[in-house]
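A closer look at the structure
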Amino acid sequence: MKRNMKFLLLLAIFTSSIMAAYFITGCGDDSTVIESPEQITNDTTVIIEETDQVIGSVHGTVCDGYDNSFLAGVTITWINGDSAYTTTTGAGGYWSTPVDLASGEYEFTFSVTGHAVTSGWTRIPELDELRGGVADRPAGNIYVSDTLDMWLLPLSARVTGTVYTALPAPPVKDGEASLALDDPTLVSVAAGVTVILDYGFDIHPNKYDVTTDGNGDYEFIDVPLWVGAIGGGAPKADQPGLALAADGQVDLITLPFTEGDSSFESTVQLDIKMVPGTTEM
């Protein structure tokens, strides 16, 4: 009898401990991890756990912007989260991101000796953009790959010219108007004028400036070569006729200046085209 009483006492103590734990802890966490709306009930605290993600990557080919030749050894740099990453192109100009990219916008910078530093952009979409609501989307990560091909302008152009302050009515020679620029009685040159080459592309720098000398002459040396189309110079045999129009143009600008009692406004020569070697304006 005493042994049975002891057993009942222990059982009561054990049961009381369980009840105390229930009231203290709420009998554990009654939250539910769900994957579809059908699991949701009105009397259940629900935690929606989203483990799927977009895993992005970018790849492409880098070529010379004049002759389409593949560029090896180009350094590509970008920011992913709080870290900067780099990779380089191989012999065929090919490159790819060696790490996964999360959703977001990315700027890639391309640089190699002898060419203008150039930027390109791409965007890895968000998960909700690629899939519908919770109920109708399949489980699992989504892999996105984007292509970013680039053409880098070679730093091989030379642009020269002369700035004049005024030009009289051109003389008539052999029945046609002509202008004797070498006749100092007909023209006036402008010294100390700032001349700018303004490239409408995502290159760094995208503006170059020089100042005219005492004869009004200016000279740009080793500036990006732009012939009016990307790859429009001398296509390779295995890339015949490859010439892509580009969003941008190169303008030649003179800033306002004064000479004596006269003031001269800014002038702009739009969309100039260059040739390898020297382009005379």
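That block above? That's the structure.
Presented here is an overview of the structure given in this document. Fair warning: this is a prediction, and the values are worked out from it, not measured in the lab.

Mapped onto the fold, Asn80 is located in strand S4 (residues 75-80). Using a relative accessible area of 15% as the deciding quantity, one classes Asn80 as buried. Of note is the side chain of Asn80, whose polar atom sits 3.3 Å from the side chain of Tyr106. If we ignore the near neighbours within four places in the chain, the residues touching Asn80 are Tyr85, Val99, Asp100, Leu101, Ala102 and Tyr106.

Our focus in this paragraph is the environment of Pro154. By the secondary structure assignment, Pro154 is in the loop between strand S10 (150-152) and strand S11 (155-162). Spatially, the C-alpha atom of Pro154 lies 8.6 Å from that of Trp226, the residues being 72 residues apart in sequence. Not counting the four nearest positions on each side in its chain, Pro154 is found in contact with Asp64, Gly65, Tyr66, Gly114, His115, Val223, Pro224 and Leu225.

Okay, the nonpolar core next. In a soluble, globular protein the nonpolar side chains are often hidden away together inside. Counting 24 residues, the largest nonpolar core has Leu197, Tyr199, Tyr218, Phe220, Val223, Val250 and Met274 as the members making the most contacts within it. Mapped by element, the contributors of at least two residues to this core are S11, strand S16 (194-199), strand S18 (207-211), strand S19 (217-224) and strand S20 (250-254). Those residues in contact with Phe220 that lie beyond four places of it in its chain are Ala157, Arg158, Val159, Val195, Ile196, Leu197, Tyr208, Asp209, Val210 and Leu252. If you look at the next biggest cluster of nonpolar residues, it comprises 19 residues, including Val54, Trp78, Leu101 and Leu127.

Conventions used here
Residues numbered from 1 in each chain as written. Predicted model: local features only at pLDDT ≥ 70, side-chain atom pairs only at ≥ 80, totals over all residues. Heavy atoms only, no water. Helix = DSSP H or I, 4+ residues; strand = E, 2+ residues; numbered from the N terminus. Buried < 20%, exposed > 50% of the residue type's maximum accessible area, 1.4 Å probe, protein only. Polar contact = N/O pair within 3.5 Å; in protein donor to acceptor, adjacent residues only side chain to side chain. Contact = heavy atoms within 4.5 Å. Core = buried A, V, L, I, M, F, W, Y, C linked by side-chain atoms within 4.5 Å.

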